[in-house]
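Below, each chain spelled out in residue letters.
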Amino acid sequence: MAAWTDDAACRGMDVSNFISYSVVGEMLYDFAPSAQARLACQMCPVRSQCLEWALELEQEGFCAGMTKPERDTLAASREQE
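Novice: Looking at this model, I keep getting lost on the pattern of salt bridges. Mind explaining?
Specialist: Pairs may arise between side chains of opposite charge once their charged atoms sit close together. Applying the stated criterion to the full structure yields three salt bridges. Taking the shortest distance from any N to any O, the salt bridge between Asp6 and Arg11 comes out at 3.3 Å. You can call Arg11 exposed: its relative accessible area is 54%. Of the charged contacts, one joins Lys68 and Asp72 as a salt bridge, the two residues approaching to 2.7 Å between their closest N and O atoms. Of this pair, Lys68 and Asp72 both sit in helix 3 (residues 68–80), separated by four residues, roughly a single helical turn. Overall, the relative accessible area of 13% leaves Lys68 in the buried class.

So, in structure tokens, the structure goes:
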């Protein structure tokens, strides 16, 4: 992992706070991140590095204070520039 992750506010937190999916039949349901995840991202000193990492690797779940669909929208808008 990159050195910036040592300073991440989420370091050591349970990953289930950030990735919460449920599969029912063939459908994948995405649930909102926990309040702890949102708070960690809001106060995180490496949020911008996390965002760039999440965009580059097309990470699932809640990263840098954004859900995957929110990051996908941001990535699409960046491509149009």
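That shown, we press on.
Novice: Explanation requested: the packing of aromatic side chains in the structure shown.
Specialist: For any pair of aromatic rings, geometry is given as the distance between the ring centres together with the angle between the planes. The full count for this structure, using the stated rule, is one aromatic pair. Ring geometry for Trp4 versus Trp53: centroids 6.2 Å apart, planes at 65°, classification edge-to-face. In this pair, Trp4 is assigned in the segment before strand 1 (21–24) and Trp53 in helix 2 (residues 47–57), connecting sequence segments 49 residues apart. The class for Trp4 is buried, based on a relative accessible area of 18%.

Novice: Please explain the layout of surface pockets as it appears in this structure.
Specialist: In this approach a probe as big as a water molecule rolls over the atoms, and the regions it shows empty are the leftover space. The calculated volume of the largest pocket comes to roughly 450 Å³. Contributing to the lining of the largest pocket are 25 residues, with Cys10, Phe18, Cys50, Trp53 and Cys63 lying nearest its centre. Contributing elements (two or more residues each) for the lining of the largest pocket: helix 1 (35–42) and helix 2. Ranked by residue count, the leading element in the lining of the largest pocket is helix 2, at three residues. The residue inventory of the lining of the largest pocket, partitioned by class, reads 18 nonpolar, four polar and three charged.

Novice: In this structure, what is going on with the side chain of Thr5? I would like to understand it.
Specialist: Topologically, Thr5 is positioned in the segment before strand 1. A polar side-chain atom of Thr5 sits 2.6 Å from the main-chain carbonyl oxygen of Ala2.

What counts and how
Residues numbered from 1 in each chain as written. Predicted model: local features only at pLDDT ≥ 70, side-chain atom pairs only at ≥ 80, totals over all residues. Heavy atoms only, no water. Salt bridge = Lys/Arg side-chain N within 4 Å of Asp/Glu carboxyl O. Buried < 20%, exposed > 50% of the residue type's maximum accessible area, 1.4 Å probe, protein only. Helix = DSSP H or I, 4+ residues; strand = E, 2+ residues; numbered from the N terminus. Phe/Tyr/Trp six-rings, centres within 6.5 Å; stacked < 30°, edge-to-face > 60°. 1 Å grid on protein atoms, 1.4 Å probe; cavity = no way out; pocket = protein on both sides within 12 Å on 5 of 7 lines; lining within 4 Å. Points joined across faces, edges and corners; volume = space filled by probe spheres on them. Nonpolar A, V, L, I, M, F, W, Y, C, P; charged D, E, K, R; others polar. Polar contact = N/O pair within 3.5 Å; in protein donor to acceptor, adjacent residues only side chain to side chain.

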